[in-house]
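Examination of the molecular architecture
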Amino acid sequence: MTTSMTLNPEAIQALRDLSPDGDAEFLRELIDIYLADTPKQLAQLEEALAKNDAVLATRAAHSIKGSSGNFGAQEFARLAQEIEGHAKANNLAAVTAALPGFKLGFAQVAEALKQLGA
């Protein structure tokens, strides 16, 4: 999947436009934060499943949804929204079933972001 298919270019440009200095360093910093934080949220989601904790799973999926949406990772954010919905409904079996595809989606987003930050 190409960067433009994984990330909405308009969302990336909006983040670039937020830069106080108009340089690419600000976007790189945002990417670094996302790439450091999202794996922690994924681990929290897995921990929630291990503990059968729908509230924690909902919170982790919600955080991933929001931060991914900021980067225009629309498909990945949609998956996070689905997982959040399953968790809210206490359907942790559906969350567990969706997790492998969700991790793959993150890998694609992470790769696209790394290409941008290079």
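A brief report on the enclosed structure follows. Only a predicted model underlies this, so the values are computations on that prediction, with no experimental measurement involved. Counting starts from 1 at the beginning of each chain's written sequence and moves along it residue by residue. Residues qualify for local features only when their pLDDT is at least 70, as the model is predicted, and side-chain atom pairs are given and counted only at 80 or more; totals for whole chains, interfaces and linings, by contrast, use all residues. Where side-chain values are given, they derive from all heavy atoms of the structure, hydrogens and water being excluded.

Basic side-chain nitrogens of Lys or Arg form a salt bridge, by our definition, when they fall within 4 Å of a carboxyl oxygen of Asp or Glu. Enumeration according to the criterion identifies seven salt bridges in this entry. Between Arg78 and Glu75 there is a salt bridge, with the nearest N and O atoms lying 2.5 Å from each other. A residue pair is termed a helical-turn pair when its members lie 3 or 4 positions apart in one helix, as Arg78 and Glu75 do in helix H5 (residues 74-88) at three residues. Think of it in three bands: with a 1.4 Å probe and only protein chains considered, a residue is buried below 20% of the maximum accessible area for its type, exposed above 50%, and partly exposed in between. Relative accessible area serves as the criterion here: at 36%, Arg78 is assigned to the partly exposed category. Beyond isolated ion pairs, a larger network of salt bridges with shared partners links Lys65, Glu84 and Lys88. Numbered from the N terminus, helices here are DSSP runs of H or I no shorter than four residues, and strands are runs of E no shorter than two.

Here a helix's expected span is defined as the number of its residues, less one, multiplied by 1.5 Å. In this model, helix H3 (residues 25-51) (27 residues) spans 39 Å end to end at C-alpha, consistent with the 39 Å of a helix rising 1.5 Å per residue. Among the residues of H3, Leu27, Ile31, Tyr34, Thr38, Gln41, Leu42, Leu45, Ala48 and Leu49 are the ones counted as buried. Any two residues having at least one pair of non-hydrogen atoms within 4.5 Å are treated as being in contact. Among the structural elements, helix H2 (9-17), helix H4 (54-70), H5 and helix H6 (92-117) are those in contact with the buried residues of H3. A positive backbone phi angle near 60° is found at Asn52, which sits one or two residues after H3.

With that settled, consider a negative patch on the surface. Patch definition: residues above 30% relative accessible area lacking any salt bridge, with like charges linked at up to 9 Å and the nonpolar side chains Val, Leu, Ile, Met, Phe, Trp and Tyr linked at up to 5 Å. Accessible surface is estimated by sampling points in the Shrake-Rupley manner with a 1.4 Å probe; for residues, cover comes only from the protein chains shown. In this tally, Asp and Glu contribute negative charge and Lys and Arg positive charge; neither His nor the terminal groups of the chain are included. Note that the charge is assigned to NZ on lysines, CZ on arginines, CG on aspartates and CD on glutamates. On the surface, Asp21, Asp23, Glu29 and Asp32 cluster together into a negatively charged patch. Looking at the element boundaries, Asp23 is found in the loop between H2 and H3. Assessed through its relative accessible area of 36%, Asp23 is described here as partly exposed.

Every axis corresponds to a line fitted to the C-alpha atoms, with the helix fit spanning only the stretch in contact, and the corresponding angles, defined between N-to-C directions, vary from 0 to 180 degrees. At a minimum axis distance of 8 Å, the contact between H3 and H4 shows a crossing angle of 155°. Taken together, the axes of H3 and H4 lie roughly antiparallel to each other. For the pair H3 and H4, the sense of crossing is left-handed. For the pair H3 and H4, the contacting residues are Tyr34, Thr38, Gln41, Leu42, Gln44, Leu45, Glu47 and Ala48 in the first and Leu56, Ala57, Ala60, Ser63, Ile64, Ser67 and Ser68 in the second. Three categories are distinguished: nonpolar for Ala, Val, Leu, Ile, Met, Phe, Trp, Tyr, Cys and Pro, charged for Asp, Glu, Lys and Arg, and polar for the others, with Gly belonging to the last. Looking at the contact of H3 with H4 residue by residue, the class counts come to eight nonpolar, six polar and one charged. For classification purposes, angles smaller than 35 degrees are called roughly parallel, those larger than 145 roughly antiparallel, those between 65 and 115 roughly perpendicular, and all remaining angles oblique. Handedness of a crossing is defined here by the sense of rotation of the near helix relative to the far one, left-handed for an anticlockwise turn of less than a right angle and right-handed for a clockwise turn.

Right, let's get into the packing of H2 against H3. Look at H2 against H3: their axes get within 8 Å of each other, and the N-to-C directions meet at 115°. Along this stretch, H2 crosses H3, giving a crossing that reads as right-handed. Here Ile12, Leu15 and Arg16 of H2 come into contact with H3, specifically with Phe26, Leu27 and Leu30. Grouping the amino acids of the contact of H2 with H3 by side-chain chemistry returns five nonpolar, no polar and one charged.

What follows deals with H4. For H4, built from 17 residues, the straight-helix expectation of 24 Å at 1.5 Å per residue is met to within 8% by its first-to-last C-alpha distance of 24 Å. Where H4 is buried, its residues touch H3, H5 and H6. After H4 finishes, the residue Gly72 shows a positive phi value of roughly 75°.

With respect to the element layout, Glu84 can be found in helix H5. Pairs of N or O atoms are called polar contacts if they sit within 3.5 Å, as long as, within protein, a hydrogen donor faces a hydrogen acceptor (for residues adjacent in sequence, only side-chain-to-side-chain pairs). In terms of polar contacts, Glu84 uses its side chain to reach the side chain of His62, at 2.9 Å. One polar contact links Glu84 to Lys65, side chain to side chain, over a distance of 2.8 Å. Discounting chain neighbours no more than four positions away, the residues touching Glu84 are Thr58, Ala61, His62 and Lys65.

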